[in-house]
Amino acid sequence: MAFGILRENKVEGNKLAISTLFSLESTISQRKAELAAEQNGKPLWTKRLLLDNKLLCSKISEEADELCRTLEENEDKSRNASEMADVLYHTMILLANKDVKIEDVMQVLRQRFSQSGVEKKRGRISQG
Ligand SMILES: N=c1c2ncn([C@@H]3O[C@H](COP(=O)(O)OP(=O)(O)OP(=O)(O)O)[C@@H](O)[C@H]3O)c2ncn1[C@@H]1O[C@H](COP(=O)(O)O)[C@@H](O)[C@H]1O
């Protein structure tokens, strides 16, 4: 009984996690659609990143470095989650820029479920 409730909570938590990514994807693509409309004043941050690939890539590198620092400097879990959120947000803008959907990324991950990293690496070496 208690196990059933725990499993249900986990399923709900997983659904919430995935719907968060879809929500963010939808907001970013809305901002992208709005770019075509006339701009009044300075664009919001997401729009600025959509318009400036150099800025976006430098933010992605910066956020990835900050994420690694949370490990190297043994920072607490909340810092780790916050830096990962920054990485996800900025990388999802890059995906939107390239018209790649988060589902396309998930599909790649799903295809790898049945394969270990060692097998994957071996496959790449024998191909190249
Ligand atoms: N998830 C985010 C998000 N994460 C970070 N940021 C902004 O990204 C900018 C740069 O982030 P940094 O980490 O460099 O911020 P920082 O203040 O320098 O601080 P550190 O944490 O690195 O110390 C800041 O202005 C943040 O507010 C975000 N801006 C927007 N979103 C989402 O995007 C949606 C649309 O946002 P806008 O259209 O840009 O308002 C929002 O509703 C949110 O859901």
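Residues numbered from 1 in each chain as written. Predicted model: local features only at pLDDT ≥ 70, side-chain atom pairs only at ≥ 80, totals over all residues. Heavy atoms only, no water.

K.L.:
Would you mind going over the site of the ligand with me for this structure?
P.N.:
Contacts to the ligand come from Leu24, Thr27, Arg31, Leu44, Trp45, Thr46, Lys59, Glu62, Glu63, Glu66, Asp86 and Tyr89. Note that an oxygen atom of the ligand is positioned 3.3 Å from one of the side-chain N or O atoms of aspartate 86. Burial of the ligand by the protein amounts to 51% of the accessible area it has alone, namely 840 Å². Only helix H1 (2–34), helix H2 (45–51), helix H3 (53–72) and helix H4 (77–97) provide two or more residues apiece to the shell around the ligand. By residue number, the principal contributor to the shell around the ligand is H3, which donates four residues. Here the shell around the ligand is composed, by residue class, of four nonpolar, two polar and six charged. (Near = heavy atom within 4 Å. Polar contact = N/O pair within 3.5 Å; in protein donor to acceptor, adjacent residues only side chain to side chain. Areas by Shrake-Rupley, 256 points an atom, 1.4 Å probe, with all protein chains shown as cover. Helix = DSSP H or I, 4+ residues; strand = E, 2+ residues; numbered from the N terminus. Nonpolar A, V, L, I, M, F, W, Y, C, P; charged D, E, K, R; others polar.)

K.L.:
Would you mind going over the side chain of glutamate 83 with me for this structure?
P.N.:
Residue position: glutamate 83 is located in helix H4. The class of glutamate 83 is buried, set by a relative accessible area of 3%. At a separation of 2.8 Å, a polar atom in the side chain of glutamate 83 contacts the side chain of arginine 79. Every residue in contact with glutamate 83, bar those within four places of it in the chain, is listed here: Glu63, Glu66, Leu67 and Thr70. (Buried < 20%, exposed > 50% of the residue type's maximum accessible area, 1.4 Å probe, protein only. Contact = heavy atoms within 4.5 Å.)

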